[in-house]
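Analysis of the macromolecular model
Chain residues, written in single-letter form:
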Amino acid sequence: MSKAKHTPAPWKLDERGNLKEAFIEAIGDGDLTRLDVSVATDDRCRKTALANARIIAAAPDLLAACELAIEFLRGKCSLAAMPIRDALRSAIGKATFGE
């Protein structure tokens, strides 16, 4: 598993209830990290922005799940497992590039 440089999970989405702003918040080493999410007033755009924010908020958990799956597949020589390993490695690489 990688030694993460990002703020550890959990990350949470705080929609503030006012339909105009949202934040992704995480606390690591006692420090609050807040990412502002642009949320349009148009209902369709707001739904898309919030869906994107939910994916971002889930990122640390998704990375951990990918790393667990790679560990599970380690040593499995099945041809069927190869594209799964490749996809997992690609996702992990995108999340940890430069670490």
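What comes next is a walk through the structure.

Cut-off values and rules
- Residues numbered from 1 in each chain as written.
- Predicted model: local features only at pLDDT ≥ 70, side-chain atom pairs only at ≥ 80, totals over all residues.
- Heavy atoms only, no water.
- Core = buried A, V, L, I, M, F, W, Y, C linked by side-chain atoms within 4.5 Å.
- Buried < 20%, exposed > 50% of the residue type's maximum accessible area, 1.4 Å probe, protein only.
- Helix = DSSP H or I, 4+ residues; strand = E, 2+ residues; numbered from the N terminus.
- Contact = heavy atoms within 4.5 Å.
- Polar contact = N/O pair within 3.5 Å; in protein donor to acceptor, adjacent residues only side chain to side chain.
- Axes fitted to C-alpha atoms, helices over the stretch in contact; angles between N-to-C directions.
- Left-handed = near helix turned anticlockwise from the far one by under 90°.
- Nonpolar A, V, L, I, M, F, W, Y, C, P; charged D, E, K, R; others polar.

1. Comments concerning the nonpolar core
Core analysis: the largest hydrophobic core is formed by seven residues, namely L63, C66, I70, L73, A81, L88 and I92. If you list the elements that add at least two residues to this core, you get α1 (43–73) and α2 (81–96). Contacts of L88, omitting those with residues within four sequence positions, involve C66, A69, I70 and L73.

2. A look at the side chain of T96
Structurally, T96 can be placed in helix α2. Within the structure, T96 has its side chain in polar contact with the backbone oxygen of I92 (distance 2.7 Å).

3. Examining the packing of α1 against α2
Running from N to C, α1 and α2 cross one another at 145 degrees; their axes reach a closest spacing of 9 Å. Both α1 and α2 take part in a crossing whose hand is left-handed. Residues L63, C66, E67, A69, I70 and L73 of α1 touch α2, and the partners they reach there are A81, I84, R85, L88, R89, A91, I92, A95 and T96. Grouping the amino acids of the contact of α1 with α2 by side-chain chemistry returns eleven nonpolar, one polar and three charged.

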